[in-house]
Amino acid sequence: MRTGAENLYRATSNARVRETVALELSYVNSSLQLLKEELEGLDGNVDADQPQSEGITVPMIPLGLKETKQLDWATPLKELISGHFGEDSASYEAEIRELEDLRQAARTPSRSEAGLELLTAYYNQLCFQEARFVTPARSLGLLFHCLTRPCRYDSLTGVPAQQRALAFEKGSVLFNIGALHTQIGARQDRSCPEGTSCAVEAFQRAAGAFSLLRENFSHAPSPDMSPASLSMLEQLMTAQAQECVFEGLLLQAPVAPRDCLAQLHLAQEAAQQVAAEYRLVLQTMAQPPVQDYVPFPWTTLVHVKAEYFRALAHYHAALALCDGAPVAEAELPALEQIFLGLPASSEPRGPALPQEQEDRRKLGKAHLKRAILGQEEALRLHAVCRALRRVDLLQVVLAQALRRSLAKYSELDLEDDFCEAAEAPDVRREQPSPLAKTQRRPEGRAPSFSRVKVADIFHRLGPLSVFSARNRWRLAGPIHVARGEGGFGFTLRGDAPVLIAAVVPGGRAAAAGLKEGDYIVSVNGQPCRWWKHADVVAQLKGVGDEGVSLQVLTLLPGAEPPGSGDRWPALGALLRSQKECGWETPGPAQASPRPLLGWNRKAKRGKAGRRLSPAPHP
């Protein structure tokens, strides 16, 4: 069904037909996501049956991966290796197969740390391939100009999107890293402190991935990677992390009903933090263009949570008023601000916080009424959405909260109570709050790409500083250079590859045709593209009077000399970490400290360090 709809979507130019097909694809995508969730649940390690207790948790919203089809790397890579790099493409079949296998594995990562490492490894490899095969003047580069356009399905709508650019492939992988974090966070057992902490971290990392993608990727061909969608996803994951923080508060220690300040603290966190975050997400989802493609169950669930946690704030406020012990006089200003909405610096206006037990009961009863109304509204919204009606756990949570509020209201409701208190005000939070001593708003945490060590699959082609699509060169040799009285007549500089820094006029090197700026790539038939400066010098010292046979590379006009700038800040931290581990991987002369994304930024130019060494004397 998906294949047929895709073909029709690409073939037709009728706007109405495309809109209908896009709607059908969205329905198919939703069905596939639900099916995968059910299958994963059958085969998962986490028990789907949550404990039927007060600690029962509300379901979270996980994000589906951007699916893709298999991509043929072999044909364009072989053409590039033989054409641009002048190498035998048949000898690189193992490397090409390794890259294809890595991409294939990254299509279906496991919902675990191993799956995240797999996606990160593939992303790091894409950074290497971007540095080697993409030209700075053409964003498409040599590689993706030859590739068939990679297809990625929109995570929200299921509509296929194509873009012949390596940046789109990298962005899609980064999106999947964030999506996988949401799935890991949603699967945590949040009935225990350990699971709650893991869920908070997972949603923080998801928010950080979407934030990084939003800041660095532009002109997205699919709605789920547009700035508006990524901003919405970042807010949603932050709200879910905040919800997990609140759940962690409930798990830390049972709160005594008569502990007024503790109950008030819970009311503040539920109202000011969780409910407020979800209201912001709901407002973002209601704005175009996000409202056109965000799933309706998502919008409904966010609305349900906003109502649920606001009602929960009123419930805990009622407990603080009705069951709480008398508070000290010094704490009254803070309590009046929270319960009555008085500014922190103003003189009390209107009624002060009631101190008599009967007045506190009436105000607590008013808060319970708002709690009951909010919980009933949450249940109504839950019943409206067909997809949410199938989530039994959510209905259990909402119904349980409503029964608890009704029981407390019945306890406070007296037969001769004919004077009702005015409507309870919103639960507020003073800034700063002395009650919220340890809580903080979870911030997004950007992915750490350097923690996954990878080696450039095509490192045999040579160091990236020279052997990349941004450079054009000419190979010369083998050139025989005899040793003279003053040596070979040239000076060396740098590492991997070693550069001929100067040629002595009239010397043996000049007579053989060597020139300043040539790179030595072979010594007596031994490839030395990755050799250090000392290795080449030692090899030259070891030759006899018969001389040495060199193959050199000359950069052609228009090529960018190595060390003139790091055009790929994405490689900086990755290459540094590999160098520290002793891996033989290509690296720029000067690593960039900027984040591991660089397709939409201009890099600063720097100068690399230099080493001069004359050719060895006899």
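Conventions and cut-offs
- Residues numbered from 1 in each chain as written.
- Predicted model: local features only at pLDDT ≥ 70, side-chain atom pairs only at ≥ 80, totals over all residues.
- Heavy atoms only, no water.
- Helix = DSSP H or I, 4+ residues; strand = E, 2+ residues; numbered from the N terminus.
- Contact = heavy atoms within 4.5 Å.
- Areas by Shrake-Rupley, 256 points an atom, 1.4 Å probe, with all protein chains shown as cover.
- Axes fitted to C-alpha atoms, helices over the stretch in contact; angles between N-to-C directions.
- Parallel < 35°, antiparallel > 145°, perpendicular 65-115°, else oblique.
- Left-handed = near helix turned anticlockwise from the far one by under 90°.
- Nonpolar A, V, L, I, M, F, W, Y, C, P; charged D, E, K, R; others polar.
- Salt bridge = Lys/Arg side-chain N within 4 Å of Asp/Glu carboxyl O.
- Buried < 20%, exposed > 50% of the residue type's maximum accessible area, 1.4 Å probe, protein only.
- Pairing = 2+ DSSP bridges.
- Core = buried A, V, L, I, M, F, W, Y, C linked by side-chain atoms within 4.5 Å.
- Expected span 1.5 Å × (residues − 1).
- Phe/Tyr/Trp six-rings, centres within 6.5 Å; stacked < 30°, edge-to-face > 60°.
- Lys NZ or Arg CZ within 6 Å of the ring centre and 35° of its normal.
- pLDDT = per-residue confidence, 0-100.

Draft legend 1. Quick peek at the overall build of the protein chain. In terms of regular secondary structure, the protein chain is built from 19 helices and 9 strands. Long-range contacts, defined as pairs at least 24 residues apart, comprise 77% of the intrachain contacts of the protein chain with a sequence gap of at least 6. Approximately 28,400 Å² of the protein chain is accessible, and the part contributed by carbon and sulfur atoms is 52%.

Draft legend 2. Representation of the environment of L556 in the model. Relative to the helices and strands, L556 is located in the loop between β8 (548–555) and α19 (572–580). Excluding residues that lie within four positions of it along the chain, L556 makes contacts with R472, W473 and R474.

Draft legend 3. Structural context of the packing of helix α7 (residues 166–186) against helix α8 (residues 193–216). Taken N-terminus to C-terminus, the directions of α7 and α8 make an angle of 160 degrees; their axes are 8 Å apart at the nearest point. Classed by the angle they form, the pair α7 and α8 counts as roughly antiparallel. Once α7 is placed against α8, the crossing between them reads as left-handed. Of the residues in α8, those in contact with G171, L174, F175, G178, A179, H181, T182, G185 and A186 of α7 are A199, A202, F203, R205, A206, A209, F210, L212 and L213. In terms of residue class, the contact of α7 with α8 is built from 12 nonpolar, 5 polar and 1 charged.

Draft legend 4. Spatial organisation of the pattern of salt bridges. The tally for this structure, following the rule as stated, stands at 16 salt bridges. E201 serves as the salt-bridge partner of R445, at 3.8 Å between the closest nitrogen and oxygen. Here E201 lies in helix α8 and R445 lies in the loop between α16 (392–412) and β3 (473–481), a separation of 244 residues in the sequence. Relative accessible area serves as the criterion here: at 34%, E201 is assigned to the partly exposed category.

Draft legend 5. Examining the pairing of strand β5 (residues 498–503) more closely. In this structure, strand β4 (residues 490–493) lies alongside β5, joined through 4 bridges in antiparallel fashion. Note that in β5 the partner of T491 across the bridge is A502. The hairpin turn running from β4 into β5, its antiparallel successor, is 4 residues long, and G494 in that turn takes a positive phi close to 85 degrees. Judged from the 2 bridges that link them, β5 and strand β6 (residues 519–523) form a sheet pairing that is antiparallel. Paired with V498 across the bridge in β6 is I520.

Draft legend 6. Examining the nonpolar core more closely. L236, Y278, W298 and F458 are the most contacted members of the largest nonpolar core, which has 102 residues in total. Per-element tally for this core: the top contributor is helix α9 (residues 227–252), with 11 residues. Each residue touching L236, except ones within four places of it in the same chain, is listed here: I61, Y278, V281, M285, W298 and V302. Ranked by size, the runner-up nonpolar core spans 20 residues in total, among them F488, A509, V537 and L540.

Draft legend 7. Highlighting helix α12 (residues 296–322). Under the 1.5 Å per step criterion, the end-to-end length of α12 is 39 Å for 27 residues, consistent within 8% with the ideal 39 Å. For α12, a buried count of 22 out of 27 residues is recorded, marking the element as mostly surrounded by other parts of the structure.

Draft legend 8. Structural detail: the packing of α12 against α16. At a minimum axis separation of 11 Å, α12 and α16 run at an interaxial angle of 30 degrees. Taken together, the axes of α12 and α16 are roughly parallel relative to one another. The two elements α12 and α16 meet at a crossing, and its hand is left-handed. Each of L301, V304, Y308, L312, Y315, L319 and C322 in α12 lies in contact with α16, whose residues at this interface are L394, V397, L398, A401, R404, S405, K408 and L412. A breakdown of the residues in the contact of α12 with α16 according to their chemical character gives 12 nonpolar, 1 polar and 2 charged.

Draft legend 9. Structural view of the packing of aromatic side chains. With the rule as written, the count across this model stands at 10 aromatic pairs. Taking the centre distance of 5.9 Å and the plane angle of 85 degrees together, the rings of F85 and F133 count as edge-to-face. Residue F85 is found in the loop between α3 (74–83) and α4 (93–106), and its partner F133 is found in helix α5 (residues 113–133); the two are separated by 48 residues along the sequence. Note on F85: relative accessible area 3%, which makes it buried. A ring pair is formed by F246 and F309, whose centres lie 5.9 Å apart and whose planes are at 85 degrees; its orientation type is edge-to-face. Taken together, the positions of F246 in helix α9 and F309 in helix α12 put the pair 63 residues apart, joining distant regions of the chain. The two residues F246 and F309 agree in class, both being buried. Of the aromatic side chains, those joined through ring pairs into one cluster are F85, F133, F458, F467 and W473. The aromatic ring of F175 is capped on one face by K66, whose charged end is 5.8 Å from the ring centroid. Lying over the aromatic face of Y92, R460 brings its terminal NZ or CZ to 4.1 Å of the ring centre.

Draft legend 10. Focus on unusual backbone geometry. The step from P288 to P289 runs through a cis peptide bond, and the omega angle for that step is 5 degrees. With respect to the secondary-structure elements, P289 resides in the loop between α10 (260–285) and α11 (290–293). The linkage connecting A496 with the following residue, P497, adopts the cis geometry, with an omega of -5 degrees. Its identity as a non-glycine residue notwithstanding, A496 has a phi of 40 degrees, on the positive side. Checked against the element boundaries, A496 lands in the loop between β4 and β5.

Draft legend 11. Focus on the confidence of the model for the protein chain. Scored by pLDDT, the protein chain comes out at a mean of 75, with 68% of its residues at no less than 70. Mean pLDDT per element in the protein chain: α19 is the minimum at 39, and α8 is the maximum at 93. A low-confidence stretch, residues 344–352 stays under pLDDT 50, and its non-local contacts, those more than four residues away or across chains, total 8 contacts.

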